Amino acid sequence: FKNCEIGARGVCAIANGLKENKGVKQIRLTCNKVRDEGAKALAEMLVSNKTMTYLWIGDHNEIRSEGVLAVADALKQNSTIEHLYISVCDGSEA
């Protein structure tokens, strides 16, 4: 899903579909305007998803500290993620 500009709403739908996923192990959502709303939805997915090993949500996704912190908290309950790339939008501190 690289450079598709899916937006937060689309990312929320993807995250919801991946909650009970048993097949998809990697997802890259670069340049999709994920924003904090989408990052929080991905965080919820990470709590229940036990298959995902690679999640890339950095680069031009307008995620601020609120979204980054949600993902960080979710990782406390997820033992399968091996690779995570996330970046904070300029102007926000995580």
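**Q** Report on the packing of helix 2 (residues 35–48) against helix 3 (residues 65–75), specifying residues and quantitative values.
**A** Following both chains from N to C, one finds helix 2 and helix 3 inclined at 0 degrees, their axes separated by 8 Å at the closest point. The angle between the axes of helix 2 and helix 3 places the two elements in the roughly parallel class. Contact residues: Asp36, Ala39, Lys40, Ala43, Leu46 and Val47 in helix 2; Glu66, Gly67, Ala70, Val71, Ala74 and Leu75 in helix 3. Tallied by class, residues from the contact of helix 2 with helix 3 come to eight nonpolar, one polar and three charged.

**Q** Which residues make up helix 2, and what are the values?
**A** The terminal C-alpha atoms of helix 2 lie 21 Å apart, and with 14 residues this matches the ideal 20 Å at 1.5 Å per residue to within 8%. For helix 2, the complete set of buried residues consists of Asp36, Gly38, Ala39, Ala41, Leu42, Ala43, Met45 and Leu46. Among the structural elements, helix 1 (7–18), strand 2 (54–56) and helix 3 are those in contact with the buried residues of helix 2.

**Q** Describe the packing of aromatic side chains, listing the residues and the values that go with them.
**A** This model, assessed by the stated rule, comprises two aromatic pairs. With a centroid separation of 4.5 Å and 40 degrees between ring planes, the pair formed by Trp56 and Tyr85 is classed as tilted. With Trp56 in strand 2 and Tyr85 in strand 3 (residues 83–85), this residue pair connects regions lying 29 residues apart in the sequence. On the accessibility criterion, Tyr85 (31% relative accessible area) is partly exposed. In this structure an aromatic cluster arises from ring pairing among Tyr54, Trp56 and Tyr85.

Cut-offs and rules
- Residues numbered from 1 in each chain as written.
- Predicted model: local features only at pLDDT ≥ 70, side-chain atom pairs only at ≥ 80, totals over all residues.
- Heavy atoms only, no water.
- Axes fitted to C-alpha atoms, helices over the stretch in contact; angles between N-to-C directions.
- Helix = DSSP H or I, 4+ residues; strand = E, 2+ residues; numbered from the N terminus.
- Parallel < 35°, antiparallel > 145°, perpendicular 65-115°, else oblique.
- Contact = heavy atoms within 4.5 Å.
- Nonpolar A, V, L, I, M, F, W, Y, C, P; charged D, E, K, R; others polar.
- Expected span 1.5 Å × (residues − 1).
- Buried < 20%, exposed > 50% of the residue type's maximum accessible area, 1.4 Å probe, protein only.
- Phe/Tyr/Trp six-rings, centres within 6.5 Å; stacked < 30°, edge-to-face > 60°.

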